[in-house]
Amino acid sequence: MTFVYPAVFSPKEDGKGYHVTFPDLACCETEGPDLEDALENASDAAYNWIWSEMEEDDCDIPAASMVEELELKEGEFVRNIMVRIKLLPDND
């Protein structure tokens with residue numbers, strides 16, 4: 001399965017790195033010392049969030065917001081993060 005969610009990148013106040021949040025994934029946040037690391041960490045955070053949600057019986061994966069509808073503060077920007085999760089058949 002492939003999921004794509006917008007991630008909001010906020011420059012840190014000290015100018016060193018980014019804080020990343022996912023408007024659609026409750027409490028899913030990460031950061032990185034530079035854009036490359038922040039992007040990689042965002043992908044990992046979204047993957048872990050989605051995977052943990054899929055493991056629950058009442059799996060409730062939210063729909064992704066439209067990037068154009070997100071309200072951004074000055075300096076923030078959005079990147080879509082793609083996550084692929086390969087589902088394997090049960091071996092029961």
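Residues numbered from 1 in each chain as written. Predicted model: local features only at pLDDT ≥ 70, side-chain atom pairs only at ≥ 80, totals over all residues. Heavy atoms only, no water.

An unreviewed UniProt entry annotates the chain as Type II toxin-antitoxin system HicB family antitoxin of Candidatus Fusicatenibacter merdavium.

Draft legend 1. Quick look at a negative patch on the surface. On the surface, E55, E56, D57, D58 and D60 cluster together into a negatively charged patch. Relative to the helices and strands, D58 is located in the loop between α1 (35–55) and β4 (77–84). (Patch = residues over 30% accessible without salt bridge, like charges linked within 9 Å, V, L, I, M, F, W, Y side chains within 5 Å. Areas by Shrake-Rupley, 256 points an atom, 1.4 Å probe, with all protein chains shown as cover. Salt bridge = Lys/Arg side-chain N within 4 Å of Asp/Glu carboxyl O. Lys, Arg positive; Asp, Glu negative; His and termini not counted. Charge placed at Lys NZ, Arg CZ, Asp CG, Glu CD. Helix = DSSP H or I, 4+ residues; strand = E, 2+ residues; numbered from the N terminus.)

Draft legend 2. The arrangement of the packing of aromatic side chains in detail. Inspection of every chain in the model, using the stated rule, returns four aromatic pairs. Aromatic pair F9 and F77: ring centres 5.4 Å apart, planes at 5°, arrangement stacked. In this pair, F9 sits in strand β1 (residues 2–11) while F77 sits in strand β4, placing the two residues 68 residues apart along the sequence. A ring pair is formed by Y18 and F77, whose centres lie 5.6 Å apart and whose planes are at 80°; its orientation type is edge-to-face. Here the residue Y18 occupies a position in strand β2 (residues 18–21), and F77 occupies one in strand β4, the gap between them amounting to 59 residues. Among the aromatic residues, those joined into a ring-pair cluster are F9, Y18 and F77. (Phe/Tyr/Trp six-rings, centres within 6.5 Å; stacked < 30°, edge-to-face > 60°.)

Draft legend 3. Structural detail: the sheet that holds strand β3 (residues 29–32). Within the open sheet, the four strands sit side by side as β3-β2-β1-β4. Their pairing is antiparallel. Looking at which strands have only one partner, the edges of the open sheet turn out to be β3 and β4. Between one strand and the next, the sheet's axes are offset by a mean angle of 30°, whatever the strand orientation. Where β2 meets β3, four bridges bridge the pair, whose relative direction is antiparallel. Across the sheet, the residue bridging to H19 is E31, located in β3. Sheet strands in contact with α1 are β1, β2, β3 and β4, and its direction is about 50° off that of β4. (Pairing = 2+ DSSP bridges. Axes fitted to C-alpha atoms, helices over the stretch in contact; angles between N-to-C directions. Contact = heavy atoms within 4.5 Å.)

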